[in-house]
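Summary of the model geometry
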Amino acid sequence: MSTKPDIQLSDHFGYKRLIRFTLPTIVMMLVASVYGMVDGLCVSNIVGKEAFAAVNIVLPLPTMCTALGTMLGTGGAAYLARKLGQKHYRQAHGTFTVLVLLATIIGLATSALGIVFMPNLAKLMGANESLLPLCTEYGRTYMLSMVWFVLQALLQAVLITAERPKIGLWFVLAAGITNIGLDVLFMYVFGWGLKGAAWATFVSSMMGSLGPLIFFLRSKNIPLHLTLPHWNIYVLKKIFINGSSDMVIEISAPLCSILYNLQLIRLFGEDGIAAYGVIMYVNYVFTSLVVGYLTGLESIVGFHYGARNTEELHSLRRKSRNLINWFGITMFAAALLFAPLIANVFVGYDATLCKLTTHAFRLYALSFLIMGFNAFVSSMFTGIGNGGISALISFCRTFLFQVLAVLTLPQLFEDGIWLSLFVGELFCLGVSFFFYRKRLNKQINETMESK
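Our subject in this report is the structure included herewith. Worth saying up front: this structure is predicted, and the values here are computed from it rather than measured.

Cut-off values and rules
- Residues numbered from 1 in each chain as written.
- Predicted model: local features only at pLDDT ≥ 70, side-chain atom pairs only at ≥ 80, totals over all residues.
- Heavy atoms only, no water.
- Helix = DSSP H or I, 4+ residues; strand = E, 2+ residues; numbered from the N terminus.
- Rg over C-alpha atoms; globule rule 2.2 N^0.38 Å.
- Buried < 20%, exposed > 50% of the residue type's maximum accessible area, 1.4 Å probe, protein only.
- Contact = heavy atoms within 4.5 Å.
- Areas by Shrake-Rupley, 256 points an atom, 1.4 Å probe, with all protein chains shown as cover.
- Salt bridge = Lys/Arg side-chain N within 4 Å of Asp/Glu carboxyl O.
- Patch = residues over 30% accessible without salt bridge, like charges linked within 9 Å, V, L, I, M, F, W, Y side chains within 5 Å.
- Axes fitted to C-alpha atoms, helices over the stretch in contact; angles between N-to-C directions.
- Parallel < 35°, antiparallel > 145°, perpendicular 65-115°, else oblique.
- Left-handed = near helix turned anticlockwise from the far one by under 90°.
- Disulfide = S-S within 2.5 Å.
- Nonpolar A, V, L, I, M, F, W, Y, C, P; charged D, E, K, R; others polar.
- 1 Å grid on protein atoms, 1.4 Å probe; cavity = no way out; pocket = protein on both sides within 12 Å on 5 of 7 lines; lining within 4 Å.
- Points joined across faces, edges and corners; volume = space filled by probe spheres on them.
- Polar contact = N/O pair within 3.5 Å; in protein donor to acceptor, adjacent residues only side chain to side chain.

Another aspect to go through is the overall build of the protein chain. When its secondary structure is counted, the protein chain shows 15 helices and 0 strands. Relative to its length of 451 residues, the protein chain is compact, with a C-alpha radius of gyration of 21 Å against a globular reference of 22 Å. By principal-axis analysis of the C-alpha atoms, the protein chain measures approximately 60 × 45 × 35 Å. Taking all 451 residues of the protein chain together, 61% fall into the buried category. Partitioning the intrachain contacts of the protein chain with sequence separation of at least 6 by distance along the chain shows that 83% fall at a separation of at least 24. As displayed, the protein chain has an accessible area near 17700 Å², and 67% of this comes from carbon and sulfur atoms.

What follows is about the pattern of salt bridges. Per the counting criterion, the structure on display carries 3 salt bridges. With its nearest N and O atoms 3.0 Å apart, the salt bridge here joins aspartate 350 to lysine 49. Linking aspartate 350 in the loop between helix 11 (310-347) and helix 12 (351-364) with lysine 49 in helix 2 (residues 49-58), this pair joins segments that are 301 residues apart in sequence. You can call lysine 49 partly exposed: its relative accessible area is 23%. Here glutamate 425 makes a salt bridge to arginine 397, at a shortest N to O gap of 2.9 Å. Of this pair, glutamate 425 sits in helix 15 (residues 420-449) while arginine 397 sits in helix 14 (residues 387-412); the two residues are 28 residues apart in sequence, bridging distant segments of the chain. The exposure class assigned to glutamate 425 is buried, which follows from its relative accessible area of 1%. Through salt bridges with shared partners, a single ionic network connects Lys49, Asp271 and Asp350.

Moving on, we come to a nonpolar patch on the surface. Among the surface-exposed residues, Ile46, Val47, Leu144, Val184, Leu185, Tyr188, Val189, Phe190, Trp192 and Trp199 lie close enough to one another that they form a single nonpolar patch of about 880 Å² accessible area. Of all the elements in the fold, those that place two or more residues in the nonpolar patch are helix 1 (15-47) and helix 7 (165-189). No other element matches helix 7, which puts 4 residues into the nonpolar patch. Note on placement: tyrosine 188 falls in helix 7. Classification of tyrosine 188 by relative accessible area gives exposed; the value is 61%.

Here we take up the side chain of asparagine 261. In this structure, asparagine 261 sits in helix 9 (residues 233-267). Taking relative accessible area as the criterion, asparagine 261 reaches 2% and is therefore assigned buried. Once residues lying within four places of it in the same chain are set aside, the contact partners of asparagine 261 are Asn56, Ile57, Met125, Ile273 and Tyr276.

The next point concerns the packing of helix 6 (residues 146-161) against helix 10 (residues 270-306). To characterise two packed helices, one gives the angle between the axes of the helices and the distance between these axes. The N-to-C vectors of helix 6 and helix 10 enclose an angle of 50 degrees; their axes lie 9 Å apart at closest approach. Classified by the angle their axes make, helix 6 and helix 10 are oblique. The hand of the helix 6/helix 10 crossing is right-handed. Counting all contacts with helix 6, which are made through Ala157, Ile160 and Thr161, the residues of helix 10 involved are Thr295, Gly296 and Ser299.

Attention now goes to the state of the cysteines. Under the definition given, this model contains 0 disulfides. Here cysteine 135 is not disulfide-linked; the sulfur of cysteine 65 is the nearest cysteine sulfur, at 15 Å. The structure places no disulfide on cysteine 396, whose sulfur is separated from the nearest cysteine sulfur, that of cysteine 428, by 5.4 Å.

Here we take up the packing of helix 4 (residues 89-124) against helix 6. Between helix 4 and helix 6, the shortest axis-to-axis distance is 7 Å and the interhelical angle comes to 155 degrees. One element, helix 4, and the other, helix 6, form an angle in the roughly antiparallel class. With respect to the hand of their crossing, helix 4 and helix 6 are arranged in right-handed fashion. Touching Phe96, Leu99, Val100, Ala103, Thr104, Ile106, Gly107, Leu108, Thr110 and Ser111 of helix 4 are Met146, Val147, Val150, Leu151, Leu154, Leu155 and Val158, all from helix 6. The residue makeup of the contact of helix 4 with helix 6, split by class, is 13 nonpolar, 4 polar and no charged.

On to the layout of surface pockets. Here the second largest pocket is characterised by a volume of approximately 160 Å³. Lining of the second largest pocket is provided by Gln8, Ser10, Leu84, Gly85, Lys87, Tyr89, Glu163, Pro223 and Phe303. Its residues placed into classes, the lining of the second largest pocket shows 4 nonpolar, 3 polar and 2 charged.

Within the structure, glutamate 425 has its side chain in polar contact with the side chain of asparagine 374 (distance 2.8 Å). Beyond its immediate stretch of four places on either side in the chain, glutamate 425 contacts Ile370, Met371, Asn374 and Arg397.

Here you go:
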């Protein structure tokens, strides 16, 4: 397998080059979301809708734990890209090694805590008496995977900075295919039920993290290497702050999911949680287009910001804004068109649940039209190292406004629960546009003045 990059961060990026560079990350995100969706399909159609509801109650917890790896990955990747742009190679290598060590420690700690306290946590997340045993069984096995997920979140982000996004794609493809095959083997052939789904996730996540780790250990012709750790509290603080926006997204989304589940079980019972679970799986697939693109973009922006290339930064800003808007329109149109088919694939065995899921997804899909711009502005600030503004935008869009909407709209009308994300993103649009016009251009232009 060749490790020579055909596109480097120092290149000029037109539309074609932007798509080519970010495409492996987009496909990687798509594959990861698809094999997560296959988990849900197998559980729903093999084990049943009660087990499917239990999975959707538990999943916010490991997502929150993985958020710490996302913080290290996005904050670290942007920082490492700036150091490479400034030609500070030794500091970049040593800091990368520290991040790998921290990710391992965090993953092991969250695994242990999750296994011990799973029954209590499942109750807090909305499990009733009938779902609690299923949640505990699935959750304790799933939490064994945390060390692999945290490492994977870090290493996949850094592979982009190391100019090897295609390598990350190959490892995710391998992990995805493994997960799908083991889902069928463990749940259908061996009859392991929910535990089978969790063990399939464990094996595939281990493959998805150990592969990139071995690549960094063995490959020499790459910009980043694992060396002796370079501990610097000030640097780590900057990485934590800069990556906090993506961590806010990763933590806020599952927290909101818990709040959604509590409202849905009150409004629609277990069918409501199952319908929301379908929407979330498909939402991950749709939004992976935007997330994959922005993940790749952050490293490009970070490099050119470190190299003080103002003209290229403005070009990236304009082109990315246009691409993100087209992504949103495409996702919205696809959601309207394919909602009945998606619902039938997941829950076609229950006509009432299928109808509810179709209706809910079409309302939820309105958010696709505007969520991309909010995420884009947040990512631009992450790339240029302004983690404070990035985190503020992320907090507003993924938590503050959405929580307010979830708490108030269902009180006004039943369908309000499905429109909560759209309303939250709509309110955040004003915040994002303000910082886009007032702060982003100013900070980019300051790179020219500091040359």
